Amino acid sequence: MPGIEIRPLRLPPPFALHRIDAGDVLEAACALAPDAGAGTLVLAERPGLLALAVVLEPEQPLAEARLAFLVGMAALADALAAHCPPERPVRFVWPDEIRYDRSRLGGGRLAIAPGCAEDALPDWMVFAAELIADRDGIDEPGRYPDSISLAEDQFAPAGDIVESFASYLMLYFDRWTHEGIEAVTNRYLMRIDPPLLRGQRRIEGDALVEISHAGATRRIGLTEGLAASTWRGAGGPRL
C-alpha cells in the first residue's frame with residue numbers, strides 16, 4: 001500500500017497489538033475491552049486509512065477520566081509531528097479534528113463502557129483515531145482541497161507513527177499521575193486553532209473555555225463536540 005509499511009511493531013509494555021483487516025477499530029477495541037484489558041491496541045492499515053484504538057482502564061471517575069481523550073490526542077499529534085517535515089504544523093479543531101498544514105488529516109473518537117455514571121469508575125474506555133493514509137483512489141485530488149494524507153507529505157511509515165504514539169501515550173499518562181492533568185492538557189491546548197495568547201484558553205472540567213480579545217467568554221463542552229464528530233463520514237475521515 002503506498003505510504004503505508006506493514007511490519008512488526010516494537011511496542012512497550014503493556015501494549016498488546018491486535019490487527020484487523022476490515023471493520024471499525026473502535027468497535028473492535030470495545031468488543032475486546034472487557035476481556036483483553038488495558039493496553040490492547042487495535043490497528044488497521046488498509047488503502048486510504050490508518051486507524052488505531054487503545055483500551056484504557058481509568059483510575060478516575062468518568063467526569064475526570066473523559067479527559068483521557070485529550071491525552072490520546074496530544075500523544076497522537078506529537079507522534080505525527082515527530083515524523084513529518086518540521087515546517088508544517090499539526091493542529092487541532094476542538095475537540096477531535098486533526099489538521100496538518102491547515103488541511104484535515106483525520107480525528108479522534110472516544111467510547112466508554114455502557115452504563116457508567118459521571119461519578120463512577122469506568123470499567124474501560126477506548127481512545128481511537130483515524131487518519132487519511134492516502135488519496136490514491138481520487139481521480140481529481142484538487143476537488144478535495146480541505147484534506148490531506150500521510151502519503152502526500154513525506155510522513156514516516158505508519159509503524160513509526162504508531163510506535164511513537166504508544167510511547168507518548170505512556171509518557172503523558174505518567175505525567176497526569178505525577179504532575180496533574182494540566183501538564184498534559186497544556187500540550188493539547190498549544191495545538192488548537194486558531195492560536196490564542198497564553199491564558200486565553202483553558203480546560204475547565206471537561207470543557208474548553210476561551211476568552212476573546214474583547215473579553216467575552218465562550219465555553220464548549222467535550223461531550224457535545226465528540227458527539228458531533230464533524231471531521232468524520234460514515235466510513236472514516238471526510239475527504
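See the structure printed just above.
This report concerns the structure included in the present document.

What counts, and where the lines are drawn
- Residues numbered from 1 in each chain as written.
- Predicted model: local features only at pLDDT ≥ 70, side-chain atom pairs only at ≥ 80, totals over all residues.
- Heavy atoms only, no water.
- Helix = DSSP H or I, 4+ residues; strand = E, 2+ residues; numbered from the N terminus.
- Contact = heavy atoms within 4.5 Å.
- Pairing = 2+ DSSP bridges.
- Axes fitted to C-alpha atoms, helices over the stretch in contact; angles between N-to-C directions.
- Buried < 20%, exposed > 50% of the residue type's maximum accessible area, 1.4 Å probe, protein only.
- Right-handed = clockwise from strand over helix to strand, strands pointing away.
- Arc of directions from axis to C-beta.

1. Let's talk about the environment of Cys116
Working step 1: In this fold, Cys116 is placed in the loop between strand 6 (103–112) and strand 7 (125–132).
Working step 2: The spacing of Cys116 and Leu80 is 36 residues in sequence and 32 Å in space, taken between C-alpha atoms.
Working step 3: Those residues within four positions of Cys116 in sequence are excluded, and the remaining contacts are Leu62, Leu121 and Pro122.

2. Quick word on unusual backbone geometry
Working step 1: Here the residue pair Pro13 and Pro14 is connected by a cis peptide bond, since its omega of 10° sits within 30 degrees of zero.
Working step 2: Topologically, Pro14 is positioned in the segment before strand 1 (16–19).
Working step 3: A cis amide bond, omega -5°, links Trp94 with the succeeding residue Pro95.
Working step 4: Relative to the helices and strands, Pro95 is located in the loop between strand 4 (90–93) and strand 5 (97–100).

3. Regarding the sheet that holds strand 9 (residues 207–211)
Working step 1: The sheet built from three strands is open, its strands ordered 8-9-10 with antiparallel pairing. Sheet topology places strand 8 (201–204) and strand 10 (217–221) at the edges, where each strand pairs with a single neighbour. Put simply, the sheet's adjacent strands are angled 25° from each other on average, direction ignored.
Working step 2: The pairing of strand 9 with strand 10 spans five bridges and is antiparallel. Across the sheet, the residue bridging to Val209 is Arg219, located in strand 10.

4. Looking at the pairing of strand 2 (residues 40–46)
Working step 1: The buried fraction of strand 2 amounts to six of the seven residues, a majority that puts the element mostly inside the structure.
Working step 2: Bridging between strand 1 and strand 2 involves four bridges; their strand directions are parallel. Bridged to His18 within strand 2 is Val42.
Working step 3: Chirality of the crossover, the property in question, places the unit of strand 1, helix 1 (residues 25–36) and strand 2 among those that are right-handed.
Working step 4: As defined by bridge partners, strand 2 adjoins strand 3 (residues 49–56) across six bridges and the pair is classed as antiparallel. Pairing of Arg46 across the sheet is with Leu49, part of strand 3.
Working step 5: Between strand 2 and strand 3, which pair antiparallel in sequence order, lie two residues; one of them, Gly48, sits at a positive phi of approximately 90°.

5. What to know about helix 5 (residues 182–189)
Working step 1: Along helix 5, the positions that sit buried rather than exposed are Val184, Thr185, Tyr188 and Leu189. Buried residues of helix 5, viewed axially, fall in a sector of 145°; they line one side.
Working step 2: For helix 5, the elements touching its buried residues are helix 3 (68–82), strand 4, helix 4 (158–179), strand 8 and strand 9.

6. A look at the environment of Arg187
Working step 1: The residue Arg187 is located in helix 5 in this model.
Working step 2: For the pair formed by Arg187 and Thr177, sequence separation is 10 residues and the distance between their alpha carbons is 15 Å.
Working step 3: Residues within four places of Arg187 in sequence aside, it is in contact with Ala74, Asp78 and Tyr172.

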